[in-house]
Amino acid sequence: MDEVSVDTVTLDLLREARETVRSSPLGVINTPLIPWCQTTLPLNINCNIHIKLENMQRTGSFKIRGVANQFAKRPKGGHFVTMSAGNYGKSFAYASNHYGSKGKVVMPETAPVSRSILIKSFGVEVERVPTTCLMTVVNRCVQEDNMTFLHSYDDLDLIAGHASLGMEVLEVIPVPDVVVVCCGGGGLLAGVAAAIKLSGCDKTRIYGVEPEGACTMYKSLIENKPVGMETKSIASGLAPPFAGTLPFELCRRFVEAIVLINDEEIKAAVSTLYKSGLVVEPSGSAAFAAIISNKIHNA
């Protein structure tokens, strides 16, 4: 993506995106923020915790927020290409179908085949390639087929759209003490963190959660630059090959720390949520896993 200064992300920009997402014809909803104490989930921590149920979005994840803002800023009927392990691809395909755009999703070979089939059902082309070849194929599509690349996590419009989730949290809890967010490429974490901090919640501590086998943002913050790695985790949606540049800059400015969890902790979290009636995929369970594994210290 073109270099975008972190200072471009302003509260006015995020508020504008919030209204775009709210009024989107893609049907983005203000998902429930439910108190933990009103569920049957076990809790051994003495604090008031709320859970944001983004799995209730039309396409099954928060990705529709960023996609709604991305497509609102692009001409209808365009020819777009992206890369995704599944969740962004589903929202991208759904939006492409709605707006009558041509689309192609470049997916890692490790992504579930069922997701490829679902994405194709919206009339979008899918090409499965080794993870290390994702950007090479995307660049080929841009150069040879004149497609426009929509990044699945390193994009200003996308991050601003994701920030709407943070805005919704503040509508219910104006000054949260701690916010815990799943992190893959960093688009959601960056957007939520920016929304909360730019809204004046200076004392709110924001944590990202990554799998140990796919900790690109964790390593990026240590090395003080966006880095990549060969990723492997049951949470495939949190395992892109590199951290986003703009997400890294925003996380460096607004995020307290990145917490790491292992696949066994993620599996346990998925099971615990399911037993309480919440069907959540591994990637969406990471923040919950960090909390019940006591990885969020001094919360």
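This write-up is about the structure you can find in this document. Given the structure is predicted, the values throughout are model-derived calculations rather than measurements.

## Looking at the pattern of salt bridges
Stage number 1. Inspection of the entire model under this criterion finds 17 salt bridges.
Stage number 2. In this structure, the salt-bridge partner of Glu19 is Arg22, at a minimum N-O distance of 3.2 Å. Separated by three residues within a single helix, Glu19 and Arg22 lie in helix 1 (residues 11-22), roughly one turn from each other.
Stage number 3. The class for Arg22 is partly exposed, based on a relative accessible area of 45%.
Stage number 4. A salt bridge links Glu168 to Arg65; its shortest N-O distance comes to 2.8 Å. One end of the pair, Glu168, is in helix 6 (residues 156-172); the other, Arg65, is in helix 2 (residues 63-72), with 103 residues separating them in the sequence.
Stage number 5. Residues participating in the shared-partner salt-bridge network are Arg18, Lys52, Glu54, Arg65, Glu168 and Glu171.

## A look at the sheet that holds strand 7 (residues 178-182)
Stage number 1. Taking strand neighbours across the sheet as the criterion, the three strands line up as 7-8-9 in an open arrangement whose pairing is parallel. Whereas interior strands pair on both sides, the edge strands pair on one side only; in this sheet they are strand 7 and strand 9 (257-261). With direction set aside, neighbouring strand axes in the sheet form an average angle of 30 degrees.
Stage number 2. Across the face of the sheet, helix 7 (residues 187-198) comes into contact with strand 7, strand 8 (205-211) and strand 9 while running at roughly 160 degrees to strand 7.

## Here's the deal with the pairing of strand 5 (residues 125-129)
Stage number 1. As judged from the five bridges shared by strand 4 (residues 102-108) and strand 5, these two strands associate in the parallel manner. Residue pairing in the sheet places Pro108 in a bridge with Val129 of strand 5.
Stage number 2. The handedness of the strand 4 to strand 5 crossover, carried by helix 4 (residues 113-120), is right-handed.

## Side note on unusual backbone geometry
Stage number 1. Of note in this structure, Asn224 is not a glycine but carries a positive phi near 60 degrees.
Stage number 2. For Asn224, a relative accessible area of 47% translates into the label partly exposed.
Stage number 3. Even without being glycine, Asn294 reaches a positive phi, approximately 60 degrees.
Stage number 4. For Asn294, the position within the fold is in the segment after helix 11 (286-292).

## Brief notes about the packing of aromatic side chains
Stage number 1. Counted by the stated rule, this structure contains seven aromatic pairs.
Stage number 2. Plain terms: the ring middles of Tyr153 and Phe242 are 6.0 Å apart, the flat faces sit at 55 degrees to each other, and that makes the pair tilted. Of the two residues, Tyr153 is situated in the loop between strand 6 (148-149) and helix 6 and Phe242 in the loop between helix 8 (216-223) and helix 9 (245-254); the sequence distance between them amounts to 89 residues.
Stage number 3. Tyr153 gets classed as buried once you look at its relative accessible area, which sits at 6%.

## Some remarks on helix 4
Count 3.6 residues to each turn of an α-helix, and residues three or four apart come out pointing the same way.
Stage number 1. All buried positions along helix 4 are accounted for by Arg115, Ser116 and Ile119. Projection of helix 4 onto a plane perpendicular to its axis shows the buried side chains occupying an angular sector of 105 degrees, all on one side. Exposed and oriented more than 90 degrees from the buried face of helix 4 are Val113, Ser114 and Ile117.
Stage number 2. Against helix 3 (87-99), strand 4 and strand 5 lie the buried residues of helix 4.

## Here's the deal with the packing of helix 1 against helix 2
A pair of packed helices is captured by two measures, namely the crossing angle of their axes and the spacing between those axes.
Stage number 1. As a packed pair, helix 1 and helix 2 sit with axes 9 Å apart at the nearest point and diverge in direction by 100 degrees. The angle between the axes of helix 1 and helix 2 places the two elements in the roughly perpendicular class. Packed against helix 1, whose contacting residues are Ala17, Thr20 and Val21, the element helix 2 presents Arg65, Ala68, Asn69 and Ala72 at the interface.

Rules of the game
Residues numbered from 1 in each chain as written. Predicted model: local features only at pLDDT ≥ 70, side-chain atom pairs only at ≥ 80, totals over all residues. Heavy atoms only, no water. Salt bridge = Lys/Arg side-chain N within 4 Å of Asp/Glu carboxyl O. Helix = DSSP H or I, 4+ residues; strand = E, 2+ residues; numbered from the N terminus. Buried < 20%, exposed > 50% of the residue type's maximum accessible area, 1.4 Å probe, protein only. Pairing = 2+ DSSP bridges. Axes fitted to C-alpha atoms, helices over the stretch in contact; angles between N-to-C directions. Contact = heavy atoms within 4.5 Å. Right-handed = clockwise from strand over helix to strand, strands pointing away. Phe/Tyr/Trp six-rings, centres within 6.5 Å; stacked < 30°, edge-to-face > 60°. Arc of directions from axis to C-beta. Parallel < 35°, antiparallel > 145°, perpendicular 65-115°, else oblique.

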